[in-house]
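A structural walkthrough
Spelled out from the first residue to the last, the chains are:
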Amino acid sequence: MIPEIDVRGCIAKKKTEGTLSFSFDADGALLDIPYVGFSSPVSAELAYRICEDDAVEVRGSIAFSLAGACSRCLSEAQARITGEVEGVFVPGTGDGEAYGYRGGKVSLAELLRDSVMFALPARLLCTACSEWEKE
Ligand SMILES: [Zn+2]
């Protein structure tokens, strides 16, 4: 499950920073490498900071595994992928640079979806093929 950041609740408790650690199932539709799928949930380690103007900065990292057929030779292949998470949420509607949030709560789903998409490799190679490509 992807948690929410209860900005209002944090401010009421005078808490302006926190960390979140959780895992969730990625949307398989994000992945467009043929014959490859997510083989683990996505684990996320995030830190957030609530600024004076109620903007919320979120940063951290995600990790997940892919498994399926090698994009070159179709042998079994797997990889552990890590990626960065970085986003700013502003009250109301977001713009091109910041995500928006409403009702005093930040939903991390869209940021995580974007972070997973950004971390995804263009293809998956088996051990033999990645060795071969290095030479
Ligand atoms: Zn291969």
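Please refer to the structure placed before this passage.
**Some remarks on the overall build of the chain**
The helix and strand inventory of the chain stands at three helices and eight strands. Its helices and strands taken in sequence order, the chain reads β-α-β-β-β-β-β-β-β-α-α from the N to the C terminus. Relative to the 2.2 N^0.38 estimate, which gives 14 Å for 135 residues, the radius of gyration of the chain is 18 Å and therefore markedly larger than a compact globule would have. Each of the three principal axes of the chain carries a C-alpha extent, and together these read 55 × 25 × 25 Å. For the chain, buried positions account for 38% of its 135 residues. In the chain, 61% of the contacts between residues at least 6 apart in sequence involve partners at least 24 apart. Element-wise, carbon and sulfur atoms account for 49% of the exposed surface of the chain, whose accessible area totals about 8300 Å².

**Side note on the nonpolar core**
With 39 residues, the main nonpolar core has Val-56 and Leu-108 as its most contacted residues. Contributing elements (two or more residues each) for this core: helix 1 (7-12), strand 2 (17-24), strand 4 (42-50), strand 5 (56-69), strand 6 (76-91), strand 7 (99-101) and helix 2 (109-119). Excluding residues within four positions of it along the chain, Leu-108 makes contact with Ile-2, Pro-3, Ile-5, Leu-20, Phe-22, Leu-46, Val-58 and Phe-89.

**A few points about the packing of aromatic side chains**
Using the criterion set out here, one finds three aromatic pairs in the structure. For the pair Phe-22 and Phe-24, a centre-to-centre distance of 6.2 Å together with 35 degrees between the ring planes defines the contact as tilted. Looking at Phe-22, the relative accessible area reads 11%, which means it is buried. For Phe-24, a relative accessible area of 9% puts it in the buried group. Of note, Arg-72 hangs over the ring of Trp-132, and the distance from its end group to the ring centre comes to 4.1 Å.

**Points about the side chain of Ser-40**
Relative to the elements of secondary structure, Ser-40 occurs in the loop between strand 3 (36-38) and strand 4. We classify Ser-40 as buried; its relative accessible area is 18%. Looking at Ser-40, its side chain comes within polar contact range of the main-chain nitrogen of Ser-65, at 2.9 Å. Here Arg-80 takes part through its side chain, which lies 3.5 Å from a polar atom of the side chain of Ser-40. Excluding residues within four positions of it along the chain, Ser-40 makes contact with Phe-64, Ser-65 and Arg-80.

**Considering the side chain of Ser-115**
Inspection of the secondary structure assignment puts Ser-115 in helix 2. Residue classification places Ser-115 among the buried positions, given a relative accessible area of 5%. Those residues in contact with Ser-115 that sit more than four places away from it in its chain are Ile-62, Glu-84 and Val-85.

**Brief notes about the environment of Ile-62**
Here Ile-62 lies in strand 5. On the basis of relative accessibility, which here comes to 1%, the residue Ile-62 falls in the buried class. For the pair Ile-62 and Tyr-48, spaced 14 residues apart in the sequence, the C-alpha separation amounts to 15 Å. Not counting chain neighbours up to four residues away, the residues in contact with Ile-62 comprise Val-42, Ser-43, Ala-44, Ile-81, Thr-82, Gly-83, Val-85, Leu-112, Ser-115, Val-116 and Ala-119.

The rules behind the values
- Residues numbered from 1 in each chain as written.
- Predicted model: local features only at pLDDT ≥ 70, side-chain atom pairs only at ≥ 80, totals over all residues.
- Heavy atoms only, no water.
- Helix = DSSP H or I, 4+ residues; strand = E, 2+ residues; numbered from the N terminus.
- Rg over C-alpha atoms; globule rule 2.2 N^0.38 Å.
- Buried < 20%, exposed > 50% of the residue type's maximum accessible area, 1.4 Å probe, protein only.
- Contact = heavy atoms within 4.5 Å.
- Areas by Shrake-Rupley, 256 points an atom, 1.4 Å probe, with all protein chains shown as cover.
- Core = buried A, V, L, I, M, F, W, Y, C linked by side-chain atoms within 4.5 Å.
- Phe/Tyr/Trp six-rings, centres within 6.5 Å; stacked < 30°, edge-to-face > 60°.
- Lys NZ or Arg CZ within 6 Å of the ring centre and 35° of its normal.
- Polar contact = N/O pair within 3.5 Å; in protein donor to acceptor, adjacent residues only side chain to side chain.

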